[in-house]
Amino acid sequence: VLRASPNAVRVEGYTDDRPIRTAQFTSNWELSAARAAGVVHVMIDEGVGAGRLAVVGYGEHQPVADNATDAGRNANRRVLLVILATPQGPDAVPDPNPAIARQGGDRAPAGLAAAVAATPAMPAALARMPAAPVSSRRKALTTQTSSPTGAVAMRAKPLPGAG
């Protein structure tokens, strides 16, 4: 079903809260990412385009059941496939020739602010951010903010002297 679909797919791996420390997996983060990566490899072998896939490892940090029981721990050891928006949506697989590269300039496309403003749940302050030159974006601190609706956004702020 996913082979014929144009949608991007995020493959998320999870673990229980039992600590792991082996030569292969130094923590639950690595185990959860490896669990998701294993599914990604099967999907690629079945013909799903690798460029449409992403691997995310959450470790033990998003349980769906109580880790105090065997059944709960088993439920927390899982992989979820998150099928993202259609190719025209904000989560689309990027164009192999993105507009920023086609323009050949050092600034983001002029329509970026409009695209950000049209994104659902995007805080208004981020929608008004001017496009920053690439050199400034490379030397930036990232801060996380949340809106009253609970949406989380990342905002880059230039470091002092990053001019």
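Above this text you will find the structure in question.
Residues numbered from 1 in each chain as written. Predicted model: local features only at pLDDT ≥ 70, side-chain atom pairs only at ≥ 80, totals over all residues. Heavy atoms only, no water.

J.: Honestly, the overall build of the protein in this entry has me stumped. Any pointers?
T.: Along the backbone of the protein there are six helices and five strands. From first element to last, N terminus to C terminus, the protein shows the α and β order β-α-β-α-β-α-α-α-α-β-β. Within the protein, residue pairs in contact and separated by at least 24 positions form 58% of the contacts whose partners lie at least 6 positions apart. Of the roughly 10,500 Å² that the protein leaves accessible, carbon and sulfur atoms contribute 59%. (Helix = DSSP H or I, 4+ residues; strand = E, 2+ residues; numbered from the N terminus. Contact = heavy atoms within 4.5 Å. Areas by Shrake-Rupley, 256 points an atom, 1.4 Å probe, with all protein chains shown as cover.)

J.: When you look at the sheet that holds strand E3 (residues 79–83) in this model, what are you seeing that I'm missing?
T.: The strands that make up a sheet are held in pairs by hydrogen bonds between backbone atoms, and each pair lies either parallel or antiparallel. Taken together, the three strands give an open sheet; going across it, the order is E2-E1-E3, and neighbouring strands pair in mixed fashion. In this open sheet, the two strands that pair with only one neighbour each are strand E2 (53–57) and E3. Strand-to-strand twist of the sheet, defined as the mean angle between neighbouring strand axes without regard to direction, takes the value 20°. Judged from the five bridges that link them, strand E1 (residues 9–13) and E3 form a sheet pairing that is antiparallel. For Gly 13, the partnering residue across the bridge sits in E3 and is Val 79. The strands touched by helix H1 (residues 28–45) are E1, E2 and E3; relative to E2, the strand with the most contacts, the crossing angle is about 160°. (Pairing = 2+ DSSP bridges. Axes fitted to C-alpha atoms, helices over the stretch in contact; angles between N-to-C directions.)

From the geometry alone we can't say anything about function, so treat these as descriptive.
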